[in-house]
Every structure is written in C-alpha cells, then in structure tokens.
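What follows is each chain in one-letter form.
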Amino acid sequence: MTDYQAMWEDLGMDLETHDQLCAVLPMAFGDTYLTQENRPEGMAFYDFVVSEIHGVRPAELIELQKQGGKVFGTFCVFVPDEVVVACGGAVTGLCGGSQFWVPEGEKVLPSGICPLIKASLGAHFGKTCPYFSVADLYVGETTCDGKKKAYEILGADKKTYVMDVPQMKRAKDIAAWKDEIALFADEVEAETGKELTAENLAAAIRTINEKRRALARVFAARAADPVPISGKDALLMMQIAFFDDPVRCAETANKLADELEERIERGEGVVPAGTKRILITGTPLAIPNWKLHHLIETSGAVVVCEEMCTGTRYFENEVDEGADTLDGMFQALSERYMKNNCACFTPNPGRIEDVVRMAKEYRVDGVIDANLKFCTLYDVEKGSLADALAEEGVPCLGLETDYADNDAEQLRTRIGAFVEML
Ligand code: BJ8
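Quick caveat: nothing in here was measured; it's all calculated off a predicted structure.

Draft legend 1. Structural view of the pairing of strand β3 (residues 137–141). Counting buried positions over the five residues of β3 gives five, a clear majority of the element. Alternating residues of β3 divide into Leu 137, Val 139 and Glu 141 and Tyr 138 and Gly 140, and every residue in both groups is buried. Pairing of β3 with strand β4 (residues 160–163) involves four bridges; the strand directions are parallel. Looking across to β4, one finds that Tyr 138 is bridged to Thr 160. Handedness of the crossover joining β3 and β4 through helix α9 (residues 145–155) is recorded here as right-handed.

Laid out in structure tokens, this is it:
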C-alpha cells in the first residue's frame, strides 16, 4: 500500500486523529464486506478504492490541481457536475457517513441535527478527511434547513458557494433553477479560469449521461431473481461514484454490469432464488454507512434497490442531449435535475410514485423506509408513503436511526420480524 502520510500532512490534516479513523475502517469493511460469498469479480476495483480510500483519489485530485484544475466539494445531487467537468474541474461528494466525525460536528452544531450534517462538518473542522481538505471550494444548496444553515458555518472557514434550490416544481421553479445553473456556471468559470462553451458543456453532458447509464445497468440487473449482486456491493458502487472520475466510474460500472448480465444468463445469484427482496428508500447512505444493508442482509433478506440519492435518484433521468446553445443546455440541465424527487419539495408525490413503480420493477417483497434521525423532510413523508404502499399490498417498515451502533440489536430484531412476515 502506498504511503500517503506526506500528502495528508501537506493537506494540513490532523494526522493523529486521522490514524485512528484509518485503523477502524478496514476492520469495519472486512466484517461487513469481505465476509460475503460469491461476490462479483468486478467488485475488486471498489474493494481497492476502499483499501486506499483516503489516498488514491485525493492524490489524483492533487495532480489535477497541479495541472491547474479545480476541485469542487459537494453535498447534494442537485449540483450539476456537468458544468464543473466542462471547465476541466472535478467534483467530489463530501457527505459524511461515519459516527467517527459526529462528535467534532457537535462542537459547532446543535446535537439535534441529522448525523449526515454533523459528520460532514466534523470531517471539515476535525481535519480528518482529505476530500474536504483537498477541495478548492464547497458548493452547498438550500435543500433542508440543517444544511442551509450549516453552510454559513462552513462558509466562515472555507469558500462555500450556495445554490438556491426551488422548493416546488412549477414552470417558474424550473426557470429559477435554470438561472441558478447559469449563475453557478459564472462561478465555475471564475474559479477555473476556463470558459464554458456549448462544445465543452455538450461533451460533459454526454460524459455524465454515460455514467448514469452505466450505473443504471447495474441496477437493472438487480431486478433478476436470483439477484446477481448483494445490496451492500451495489451500495458501495454508488457511494464511490460520488467521488470517482466520471469516465472511470462508467467503465467500472459497465464492466460490473457485463458480469452481472452473464450471471443472470447462467441463473447465478449471490443468494438463492426466492430470498426475500427489499427496496430501501429514504435519506442518503453516505460512505461508510453500511449499517442497514448489513443488518438486512444478515437477517435472511437481500436489498435489491435503493430509492435514495445514493441510489436511483443519482442516475435516473438523463439530460437531453439535443440542445446546441448554452442557454438550451442550461434548460435541459434544469429540467433533468428538477425531476429529482427529494423530500425538500412540496408537494412531492413523485417520490411515492417512484417507490411504488420500483417496488414492481425490482419485484420486491417489502419496503424499508429509512430515516436519518432528525431529518424532518423524509420523516414527514413516512405516512403517505406507507399508505400508498399499503394500497398496493406492499409491506413497509419505517425505521429511524443514526450512525451510532447502539441501536443495532434493536434494529436487527425489528428487521428480522419484518422479513419473517413477508
Ligand atoms: S437531493 S436527499 S442529497 S438534499 S442533510 S435532507 S438527511 S436533514 S441529504 Fe439530500 Fe440533496 Fe435531497 Fe438528495 Fe435530511 Fe440530513 Fe437534510 Fe439530508
């Protein structure tokens, strides 16, 4: 394994605390991932990325910076990667998914805030994540109250550009998001020193669409019974997609999809046909949050789809490639991004329709609606989602949890009972 100590030191990281994180992650990964049987060979790439998670990609980003490129750190799938990629920049997802960062986050935030936000700020202020350190600037967005206000705290310490996400989906909201994208494009041009043109934006739109198609192929394979890949492995692919290079991301996902399609032809699965199939929906599962998937998949069921931003919401809906002017492309980008059914919208019937549709597409036996503690947006949608699923005859279990492990046994009991009755 390469020694990245000097790089982390140059990034101004807290090496001592960071060493503690580096010591626990391989263990957690080994227990959760490497104990699985008959994993697709294509997962070797993702295992390698995890084994060097704070080294290999940050080193690439530093290399890009040496060549004059800029790194944009983001916290939400609303930020249009296409604009950054077009200007020769890189996007890296920054949402924190570990309890390790939460106490540091609680030093600057109230404790009654969702763990994703606390972990993200904890990773920044504790200087224990190279992705935060390497980013030239952060790009926030006005989705939930917690994030919106947290960007003020982050912004006082590092340049943070905030995009104003509309909260409804009327024509005027799509026009407003288009304007926001145009403003963001100005910011990206100023930051990168590179002009955004119809040519480079069209190329970037194609690149990101290809990445979406590749991820979608892996998900499509999960509709098979027996399912050719575990939910944990598919989740890992998604989590890594947030910070990997988009071209390589498409290549590795396509390679994995090829293998899964061959498995389907041979009737080969990671679990026996007839294993109870779960769709999980709700708040994002940022790396290394594998808690619920692990509990479900060690309770006799398998996760076959994630209706969440670390799942279908990341790749569904492509950007229309027909426009040939920047204005037309901003419109196409706005239309695509505004199809995301995040619970920050009101009303938000699209998410419920998506879950019902996917429950059929992925032939699920039950849905788990997972909420990160203190996320009001998704918590409030629980009732209408459960009602819609009940009407369709799909059993649904609502769960609320955070990143700590102390509720694991209680969750295991509830998940076990749910799987039993499916
Ligand atoms: S588009 S889901 S990535 S905002 S941080 S809302 S869990 S209280 S992450 Fe999200 Fe964009 Fe929407 Fe997707 Fe709740 Fe926590 Fe807020 Fe969260």
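Having put the structure on the table, let's press on.
Draft legend 2. Structural detail: a negative patch on the surface. A cluster of acidic side chains, namely Glu 210, Asp 320, Glu 321 and Glu 335, defines a negative patch on the protein surface. With respect to the secondary-structure elements, Glu 210 resides in helix α11 (residues 198–221). The class of Glu 210 is partly exposed, set by a relative accessible area of 45%.

Draft legend 3. View of the confidence of the model for the protein chain. When pLDDT is averaged along the protein chain, the result is 97; 100% of the residues meet or exceed 70. Both scores are available for the predicted complex, with the pTM at 0.97 and the ipTM at 0.94.

Draft legend 4. Seen up close, the sheet that holds strand β2 (residues 90–93). With respect to topology, four strands assemble into an open sheet ordered β2-β1-β3-β4, the strand pairing being parallel. Only two strands of the sheet have a single neighbouring strand rather than two, namely β2 and β4. In this sheet, adjacent strand axes meet at a mean angle of 30 degrees when their direction is disregarded. Contacts between α9 and the sheet are confined to β3 and β4, with β3 contributing the most and set at about 160 degrees to the helix.

Draft legend 5. Fine view of the state of the cysteines. Tallied over the entire structure, the rule returns zero disulfides. Of all cysteine sulfurs, the one in Cys 76 lies closest to Cys 95, which takes part in no disulfide; the gap is 7.6 Å.

Draft legend 6. Structural detail: the site of the ligand. Near the ligand lie 17 residues; those nearest to it are Cys 114, Cys 144, Cys 309, Cys 342 and Cys 375. Partitioned by chemical class, the residues of the shell around the ligand number 12 nonpolar, three polar and two charged.

Draft legend 7. Focus on the sheet that holds strand β7 (residues 366–372). Strand order in the open sheet made by the four strands is β6-β5-β7-β8, with parallel pairing throughout. Two strands lie at the open edges of the sheet, namely β6 (301–307) and β8 (396–401), each paired on one side alone. The mean angle between the axes of side-by-side strands here comes to 30 degrees, regardless of whether they run parallel or antiparallel. Sheet topology places strand β5 (residues 276–282) next to β6; six bridges connect them, and they run parallel. Across the sheet, Lys 276 pairs through a bridge with Ala 301, a residue of β6.

Draft legend 8. Examining the pattern of salt bridges more closely. Counted under the stated rule, the structure contains 34 salt bridges. Note that Glu 187 and Lys 159 form a salt bridge whose closest N and O atoms lie 2.9 Å from each other. Here Glu 187 is found in helix α10 (residues 171–192), whereas its partner Lys 159 is found in the loop between α9 and β4, with 28 residues between them in sequence. When its relative accessible area of 16% is taken as the criterion, Glu 187 is described as buried. Where Asp 258 meets Arg 217, a salt bridge forms, and the shortest distance between an N and an O atom there is 2.7 Å. Of this pair, Asp 258 sits in helix α13 (residues 246–266) while Arg 217 is found in helix α11, placing the two residues 41 residues apart along the sequence. On the accessibility criterion, Asp 258 (35% relative accessible area) is partly exposed. Overall, the relative accessible area of 25% leaves Arg 217 in the partly exposed class.

Draft legend 9. Up close: empty space enclosed by the protein. What the rule picks out here adds up to three cavities of 30 Å³ or more. Of the volumes computed, that of the largest cavity is approximately 60 Å³. Taken together, Thr 283, Leu 285, Asn 289, Lys 291, Leu 292, Ala 370, Asn 371, Leu 372, Thr 401 and Asp 402 make up the lining of the largest cavity. Listed by contribution, the elements that provide at least two residues to the lining of the largest cavity are α14 (291–297) and β7. The element that contributes the greatest number of residues to the lining of the largest cavity is β7, accounting for three residues. For the lining of the largest cavity, the residue count by class is four nonpolar, four polar and two charged. Counted as a void, the second largest cavity has a volume near 40 Å³. Together, Phe 75, Leu 116, Ile 117, Ser 120, Leu 121, Lys 147, Ala 150 and Tyr 151 line the second largest cavity. For the lining of the second largest cavity, the secondary structure elements donating two or more residues are α7 (115–125) and α9.

What counts as what
Residues numbered from 1 in each chain as written. Predicted model: local features only at pLDDT ≥ 70, side-chain atom pairs only at ≥ 80, totals over all residues. Heavy atoms only, no water. Buried < 20%, exposed > 50% of the residue type's maximum accessible area, 1.4 Å probe, protein only. Helix = DSSP H or I, 4+ residues; strand = E, 2+ residues; numbered from the N terminus. Pairing = 2+ DSSP bridges. Right-handed = clockwise from strand over helix to strand, strands pointing away. Patch = residues over 30% accessible without salt bridge, like charges linked within 9 Å, V, L, I, M, F, W, Y side chains within 5 Å. Areas by Shrake-Rupley, 256 points an atom, 1.4 Å probe, with all protein chains shown as cover. Salt bridge = Lys/Arg side-chain N within 4 Å of Asp/Glu carboxyl O. Lys, Arg positive; Asp, Glu negative; His and termini not counted. Charge placed at Lys NZ, Arg CZ, Asp CG, Glu CD. pLDDT = per-residue confidence, 0-100. Axes fitted to C-alpha atoms, helices over the stretch in contact; angles between N-to-C directions. Contact = heavy atoms within 4.5 Å. Disulfide = S-S within 2.5 Å. Near = heavy atom within 4 Å. Nonpolar A, V, L, I, M, F, W, Y, C, P; charged D, E, K, R; others polar. 1 Å grid on protein atoms, 1.4 Å probe; cavity = no way out; pocket = protein on both sides within 12 Å on 5 of 7 lines; lining within 4 Å. Points joined across faces, edges and corners; volume = space filled by probe spheres on them.

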